[in-house]
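Examining the three-dimensional arrangement
Listed below, chain by chain, are the residues.
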Amino acid sequence: MFKTSEGYFNAKTGGKLMTALVFLLSFLLAISIFKNISYPLFWADEGMTVMGGVRVLQFGYPKVHDGKNVFYDLQYPGDKSLGIDRKTDAYVGGAGWGQYYIAALGVRLAAMSDDFFVRTGIIRTVFAALGLAGLFGAALLGTRFFYSGYSKTRFLALFILIEILSVPLTLHLRDARYYAVTVFLSSFIIFVYARFRILKETRYPGYLVIMPVSLFFLYITFSPAYFVFMAAISLFESGSLVIHLLLRSAGDGPFRHYARNMLPCLLTLIPVYPLMLFFDVFNISEKLSEYYALGFKTDAAGMYLDNLSFIWGFFMSSDLVLAAIFLKALLLTAVLTGYVSDKKAYVLDMPRVVFSAFLSTVFIVYFFAIPRIPNPLFTRYFIPLQPVLTLIIIMDAAVLFNITSQLRSGVAVYYRKALVIILIAFAAFHISNNLPFLRGHIYELTHPYQGPLDHAIPYIRAKYGKTDGLVIATNYEETSFMYYLDARTTIGFTGNNLQRDANVRPDVIMYRKDWENFKTVFSGLIQGSPYEEISFPVVDYAVNNIPELHRDFPHHWFRTQASSDEWMKTYIFVKK
């Protein structure tokens, strides 16, 4: 109860303004994710996801062969049967099948329109909506660790603001790929675990059912993340057991609680183990690791270190990892100092501390485990860590501010001001590092991006009208031609049936110069029949576009790359 009507009015007004700010920021986040989501047309990986959805609708699972096209993109020379289940002809070489079933829903909805860009937007929206739900799920969970309406809205405003500033996260949520689904499932698993284990708001029977199901879906969507959460939960529960044994008597049944808490995770091994055998996980990983290590002139250890350097570079340049390290170090110092000097110096907000400890365990395990992936690391593999890091930062900052509020008034003001100044400095550094990305993203939200396929595919449709009988030869992004034009595509990125396809005369040829794969074959095709050369005024970039910002090649373009240079332009060859 406030002592004066003026104080009550200020607090009430402040609460309304903060609520309005949360709604405004939520709207801006939605705009950042969904505006111009129809552009450009699907790039290679998205095309694989969408064609996987088409195969699900046709066969019930992602079948490799349908009598017309080959659904396969595993880059492994020599053995083109790797990643194909011999009995079912199923494609098992990807991250998981979960994304294909979600894509199937999008494909079904997109069938209502004949416009390429409308269909693209519908399918991407299905994935982006899941990703956004994951972010709001994390935000909703975070509010449970604040105890007044005003503090909850302040948390929400800060959390959403940090997410808006993460352009890499936004770009990945806009892709029709497993990234957004992994963000959603990771958030949901953290939500379920924290509500049961930390907040004590879920009963055990519910946890026993929901947790295994969630982990199973994570496995079939992006299996590396499943192993990360299994390891993180195991470590956290083991650490809790050790602390319990050190601080309490064994008569409290710590081992029983440990087994009870771990049982839902262990139950997932029952359905997951057969899937690991079916997907040939260890054999494929071993062969890909050898292939990529050889290609990059290194070994498994060297690739791991390169990947570790990449993930560290990402968080250093594009996220607030330094702020997180600073806050965690300060919090540990404050806790240890308080216990050494006087165990009753202040009272810790233990739910926040424990929640942050769990999130930190997830982050650290993910950070050091994901570089073990058997190929060069891309941001998409660890983008689910971004909202996790945001929660860690806010929780640790809230605990530290709570500690300072319990100190002597003069000291408290000094420490609070110093902490605020330091955090503002970290935020300013973060924003300055990401200002080019923010400017670029604002531009692409107001100016639809166009890549090579955005010119080539509509041109082919306009020229031929009915395209399902066409034969199109290309050396990259063949699945986009399969989806949009329902055409037979030959050769492709990996040359699945190269010897056969080299003898098929295509109606249309699109050779992507940046990849340089099968150059001799395409030269032979072009010279073997009379073709008309058609050029488009955009750069023939390696990909139609890609959400990756932190690799030199290929990387995301915010602006359409127009060109008057004849060599740089996009070309297709149309049979006369």
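That block above? That's the structure.
Keep in mind that this is a model prediction, so the values were computed, not measured.

With that out of the way, let us pick up unusual backbone geometry. Of note, the bond from Tyr39 into Pro40 is cis; its omega dihedral lies within 30 degrees of zero at -10°. Checked against the element boundaries, Pro40 lands in the loop between helix H1 (5-34) and helix H2 (44-59). For the bond from Phe553 to Pro554, the omega torsion is -15°, close enough to zero to count as cis. Within the element layout of this structure, Pro554 appears in the loop between strand E4 (531-539) and strand E5 (569-575). Positioned with a positive phi, Asp486 is a non-glycine residue whose angle comes to about 50°. If you trace the backbone, Asp486 turns up in the loop between helix H19 (478-485) and strand E2 (488-491). Its relative accessible area of 42% is what places Asp486 among the partly exposed residues. Positive phi values are uncommon outside glycine, yet Ile491 reaches one of about 70°. Along the chain, Ile491 turns up in strand E2.

Taken as a whole, this structure holds 18 salt bridges when the rule is applied. Arg500 is paired through a salt bridge with Asp501; the nearest N and O atoms lie 2.9 Å apart. A relative accessible area of 3% places Asp501 in the buried class. Each of Glu477, Arg512, Lys513 and Asp540 takes part in a single network of salt bridges with overlapping partners.

Take the packing of helix H16 (residues 385-405) against helix H17 (residues 409-446) next. Between H16 and H17, whose axes approach to 8 Å, the crossing angle comes to 160°. Taken as axis vectors, H16 and H17 run roughly antiparallel relative to one another. Both H16 and H17 take part in a crossing whose hand is left-handed. The residues of H17 that touch H16, namely those facing Ala397, Leu400, Phe401, Thr404 and Ser405, are Ala412, Tyr415, Arg416, Leu419, Val420 and Leu423.

Counting residues in each nonpolar core, the largest one holds 168 residues, and the members touching the most others are Ile123, Phe315, Phe355, Phe382, Tyr483, Leu485 and Ile572. Once residues within four sequence positions are removed from consideration, Ile123 is found in contact with Phe42, Val50, Gly106, Val107, Ala110, Ala176 and Tyr483. Residues Ile491, Tyr531, Tyr571 and Phe573 belong to the second largest nonpolar core, which totals 9 residues.

Moving on, we get to helix H5 (residues 149-165). A turn of α-helix holds 3.6 residues, and therefore any two residues three or four places apart point the same way. Counted at 1.5 Å a residue, the expected span for H5 with its 17 residues is 24 Å, and the 25 Å between its end C-alpha atoms agrees. Within the sequence span of H5, burial applies to Ser151, Thr153, Phe155, Leu156, Ala157, Phe159, Ile160, Ile162, Glu163, Ile164 and Leu165.

To continue, consider the packing of helix H7 (residues 178-197) against helix H15 (residues 350-369). Geometry of a packed helix pair, given as the angle between the helix axes and the separation of the axes. Closest axis-to-axis distance for the H7/H15 pair is 11 Å, and the angle between their directions is 145°. At the point where H7 passes H15, the crossing takes the right-handed sense. Contact residues: Ile190, Tyr193 and Ala194 in H7; Phe355, Phe358 and Leu359 in H15.

With that settled, the discussion passes to the pairing of E2. Bridge count for strand E1 (residues 471-474) against E2 is 4 bridges, and the pairing is parallel. By the bridge assignment for E2, Val471 is matched with Arg488.

The subject of this paragraph is the side chain of Ser32. Relative to the helices and strands, Ser32 resides in helix H1. Among the polar contacts made by the side chain of Ser32, one reaches the side chain of His441 at a distance of 2.9 Å. Setting aside residues no more than four positions away along its own chain, Ser32 makes contact with Thr170, Arg174, His441 and Leu445.

What follows covers the sheet that holds E4. Read across the open sheet, the 5 strands follow the order E2-E1-E3-E5-E4; overall the sheet is mixed. In this open sheet, the two strands that pair with only one neighbour each are E2 and E4. Across the sheet, the axes of successive neighbouring strands diverge by a mean angle of 25°, strand direction being ignored. Relative to E5, strand E3 (residues 508-510) is paired through 2 bridges, and the arrangement is antiparallel. Paired with Ile509 across the bridge in E5 is Phe573. Contacts from H19 reach E1, E2 and E3, with the element oriented near 155° to E1.

Time to look at the layout of surface pockets. What the second largest pocket holds in volume is close to 1700 Å³. Considering the residues around the second largest pocket, the lining is formed by 45 residues, among which Phe236, Ser240, Ile243, Val354 and Ala357 are closest to the centre. For the lining of the second largest pocket, the elements supplying multiple residues, two or more each, are H7, helix H9 (223-247), helix H10 (254-267), helix H14 (321-341), H15 and H16. A per-class count over the lining of the second largest pocket returns 30 nonpolar, 8 polar and 7 charged.

The subject of this paragraph is empty space enclosed by the protein. One pass over the structure, following the stated rule, counts 4 cavities of 30 Å³ or more. What the largest cavity holds in volume is close to 210 Å³. Residue lining of the largest cavity: 18 residues in total, with Tyr39, Pro40, Arg174, Asp175 and His556 positioned closest to the centre. When its residues are assigned to classes, the lining of the largest cavity shows 10 nonpolar, 3 polar and 5 charged. In this structure, the second largest cavity is lined by 13 residues; those nearest its centre are Val70, Thr489, Ile491, Asn496 and Asp501. With 3 residues, the top contributor of residues to the lining of the second largest cavity is E2. Class assignment for the residues of the lining of the second largest cavity results in 3 nonpolar, 6 polar and 4 charged.

Parameters at a glance
- Residues numbered from 1 in each chain as written.
- Predicted model: local features only at pLDDT ≥ 70, side-chain atom pairs only at ≥ 80, totals over all residues.
- Heavy atoms only, no water.
- Helix = DSSP H or I, 4+ residues; strand = E, 2+ residues; numbered from the N terminus.
- Buried < 20%, exposed > 50% of the residue type's maximum accessible area, 1.4 Å probe, protein only.
- Salt bridge = Lys/Arg side-chain N within 4 Å of Asp/Glu carboxyl O.
- Axes fitted to C-alpha atoms, helices over the stretch in contact; angles between N-to-C directions.
- Parallel < 35°, antiparallel > 145°, perpendicular 65-115°, else oblique.
- Left-handed = near helix turned anticlockwise from the far one by under 90°.
- Contact = heavy atoms within 4.5 Å.
- Core = buried A, V, L, I, M, F, W, Y, C linked by side-chain atoms within 4.5 Å.
- Expected span 1.5 Å × (residues − 1).
- Pairing = 2+ DSSP bridges.
- Polar contact = N/O pair within 3.5 Å; in protein donor to acceptor, adjacent residues only side chain to side chain.
- 1 Å grid on protein atoms, 1.4 Å probe; cavity = no way out; pocket = protein on both sides within 12 Å on 5 of 7 lines; lining within 4 Å.
- Points joined across faces, edges and corners; volume = space filled by probe spheres on them.
- Nonpolar A, V, L, I, M, F, W, Y, C, P; charged D, E, K, R; others polar.

Purely geometric numbers; function is a separate question.
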